[in-house]
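Chain residues, written in single-letter form:
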Amino acid sequence: MTKVLVVDDDFMVAKLHSRYVSAMDGFVVAGVAHSGAQALRAAEESRPDLVLLDVYLPDMDGIDVLRELRAAEERDPSRTPVDALFITAARDAEIVRAALRAGALHYLIKPFNKAALHEQLTHVAALRARLDDLDEARQEDVDQIFGARPPGSRELPKGLAAHTADLVERTLRAHPQGLSAAECAQEAGSLSRVSARRYLEFFAETGRARVSLRYGGTGRPERRYRWVSRSL
């Protein structure tokens, strides 16, 4: 379970956000605070995994609260780091920049609906699970954790084209049971088996696809490819 501390100076808003969190599988409200001082005390007592943090608080702003939490983590290395999601009406670009520099995972501007918060919580859960599964990160893992690269920026070997790589990726994703190079070429509709195999091997080498061998009668076993990369 992901323990969540809800911080908002408005009692009704905090109650609403708590209700949204409680409705999510895998999340539990560990505490509610209505000021910066309360938030710091609650974080010390409940040790949450995630803080839903407003910027505008009566005694200090939410960015300073996050900085204090980070300072507490530096003083106590055994303390589990807390993630932060800002939920605020503050729209000033400098505040957004300060939240990012303080270490916020995301910044959700009020007003928003339940679905918007659930989407962010789902992202947080996927991110935490991804990091928990990693011992050593590949560039693919880092790209997914920090956000996808802009279109066209994917590094491809010489001779491979981005639009064709996208086509092969979509084809492979659409067949979770896996495909051979010949089947992929047929499904894609505009590739030769040799071309499809070049892209499939590239995905296998970069960890996006997994290769298995299917043994038949005579001859070499058939190489089958299955998409395994997870997005966040």
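Here, the structure is the one placed above.
Peer 1: Looking at this structure, I do not really get the overall build of the protein. What am I missing?
Peer 2: From N to C terminus, the protein includes 9 helices and 8 strands. A globule of 232 residues ought to have a C-alpha radius of gyration of about 17 Å, yet the protein, at 23 Å, is considerably larger. C-alpha atoms of the protein, sized along the principal axes, occupy 75 × 35 × 35 Å. Going through the 232 residues of the protein one by one, you find that 42% of them count as buried. Within the protein, contacts between residues at least 6 apart in sequence are counted, and of these 58% link residues at least 24 apart. Looking at the protein as shown, the accessible area adds up to about 13,200 Å², and 51% of this sits on carbon and sulfur atoms. Here the protein contributes 33 positively and 34 negatively charged side chains, and the mean placements of these two sets differ by 8 Å.

Peer 1: So what exactly am I meant to see when it comes to unusual backbone geometry here?
Peer 2: Most peptide bonds take the trans form, and the phi angle of most residues other than glycine is negative. A cis amide bond links lysine 110 with the next residue in sequence, proline 111, at an omega value of -5 degrees. Positionally, proline 111 belongs in the loop between β5 (106-109) and α5 (114-133). In this model, arginine 47 sits at a positive phi of 50 degrees, which is unusual for a non-glycine residue. Secondary-structure assignment places arginine 47 in the loop between α2 (36-46) and β3 (50-53).

Peer 1: How should the side chain of threonine 171 be read in this particular structure?
Peer 2: As for its position among the elements, threonine 171 is in helix α7 (residues 162-173). Here threonine 171 is in contact with Leu179, Cys184, Glu187 and Ala188, once residues within four sequence places are set aside.

Rules and cut-offs
Residues numbered from 1 in each chain as written. Predicted model: local features only at pLDDT ≥ 70, side-chain atom pairs only at ≥ 80, totals over all residues. Heavy atoms only, no water. Helix = DSSP H or I, 4+ residues; strand = E, 2+ residues; numbered from the N terminus. Rg over C-alpha atoms; globule rule 2.2 N^0.38 Å. Buried < 20%, exposed > 50% of the residue type's maximum accessible area, 1.4 Å probe, protein only. Contact = heavy atoms within 4.5 Å. Areas by Shrake-Rupley, 256 points an atom, 1.4 Å probe, with all protein chains shown as cover. Lys, Arg positive; Asp, Glu negative; His and termini not counted. Charge placed at Lys NZ, Arg CZ, Asp CG, Glu CD.

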